[in-house]
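Structural features, examined
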Amino acid sequence: MKNKLLVSIVIPTKNSAAFLEGCLKSIKNQTYKNIEIIVVDNNSTDETKEIANKYRAKIYDYSPKVKKGTFDAPHKRNYGVKKAKGEFVYYLDADMELSKNVVEEALSLCKTGCAAVIAPEESFGKGVWASAKNLERQCYWGDDSVEAPRFFKKSIWKRVGGLDKSLGGGGDDWDLYQKLLINGYKVARTKSVVGHNEGNLKLTKLIKKRFMYGKDSLKYISKRPKEGLISYFPVRRAYIKNWRLFASRPKDTILFIIMRSSEYVAGAAGIIYSLINK
């Protein structure tokens, strides 16, 4: 595919300086070069904008009006895509780092007739919990109940209406995937992997994040009951399918069990909280 096709990469930020440079550097190192970087920033007070400027990103200030504790990422992603000039759009989080062939490979897959592309994620970071999260993410490669596309033909994105801004906690990604499938669009997967920088990961951070996800999970379950229950169910087929991976990493497996158990308790607490405060 010729380099004349423009790919717009949208990155929502909020005090993301600790991770953003790694993300932007990985974009600049892509084998495919015709890329527009769009940073949608919500009042960052750290060096987020300075780092974005360093990599010649287009910066848009956007503060969605959402309730405190509500996910604003779907709002910022949709806003960024509206500003995008590319024929293709790819939304990332600031803590993601692309292996060098991801964009080129995704474009090649779209050339074969795909409307959207999934890039498998692999966690990295410091500490034992980052290692446990790495084990978890590897289990999900090829699992349609967890993975979702982030790379789209912009025309298809517009046709299906983009992300549902009322959803969060992963529900916005999964819902968009379902809209593609319902409309008969083909979705492919890259072989190249996207790194997810967990930093110095602590169990308390995972618990707080899962509690927040739990508060939003009922929205997706209510909209898509069958898919929602599968996506949020604690026991996954992927765990059984990848038993050899667990067996090869016994220490990480023990930590994984502790981590996922804690996350599901926190998620359940989030659901209860949302019902009480409904």
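Anyway, here's the lowdown on the structure attached to this text. Computed from a predicted model, the values in this text were never measured in an experiment.

Parameters at a glance
Residues numbered from 1 in each chain as written. Predicted model: local features only at pLDDT ≥ 70, side-chain atom pairs only at ≥ 80, totals over all residues. Heavy atoms only, no water. Helix = DSSP H or I, 4+ residues; strand = E, 2+ residues; numbered from the N terminus. Contact = heavy atoms within 4.5 Å. Phe/Tyr/Trp six-rings, centres within 6.5 Å; stacked < 30°, edge-to-face > 60°. Buried < 20%, exposed > 50% of the residue type's maximum accessible area, 1.4 Å probe, protein only.

1. A short note on the environment of glutamate 97
Positionally, glutamate 97 belongs in strand 5 (residues 96-98). When the C-alpha positions of glutamate 97 and lysine 191 are compared, they lie 15 Å apart, and in sequence the two are 94 residues distant. Not counting the four nearest positions on each side in its chain, glutamate 97 is found in contact with Gly22, Cys23, Ser26, Phe124, Val194, Gly195 and Asn197.

2. Considerations on the packing of aromatic side chains
Any aromatic ring pair is given by two values, namely how distant the centres are and how the planes are angled relative to each other. Using the criterion set out here, one finds 15 aromatic pairs in the structure. Judged by centre distance (6.3 Å) and plane angle (75°), the rings of tyrosine 60 and tyrosine 79 are edge-to-face. Here tyrosine 60 is found in strand 3 (residues 58-61), whereas its partner tyrosine 79 is found in helix 3 (residues 73-83), with 19 residues between them in sequence. Residue tyrosine 60 is classed as partly exposed on the basis of its relative accessible area, which comes to 23%. Owing to a relative accessible area of 22%, tyrosine 79 belongs among the partly exposed residues under this scheme. Site record: aromatic cluster; members linked through ring pairs are Tyr140, Tyr239, Phe246 and Phe256.

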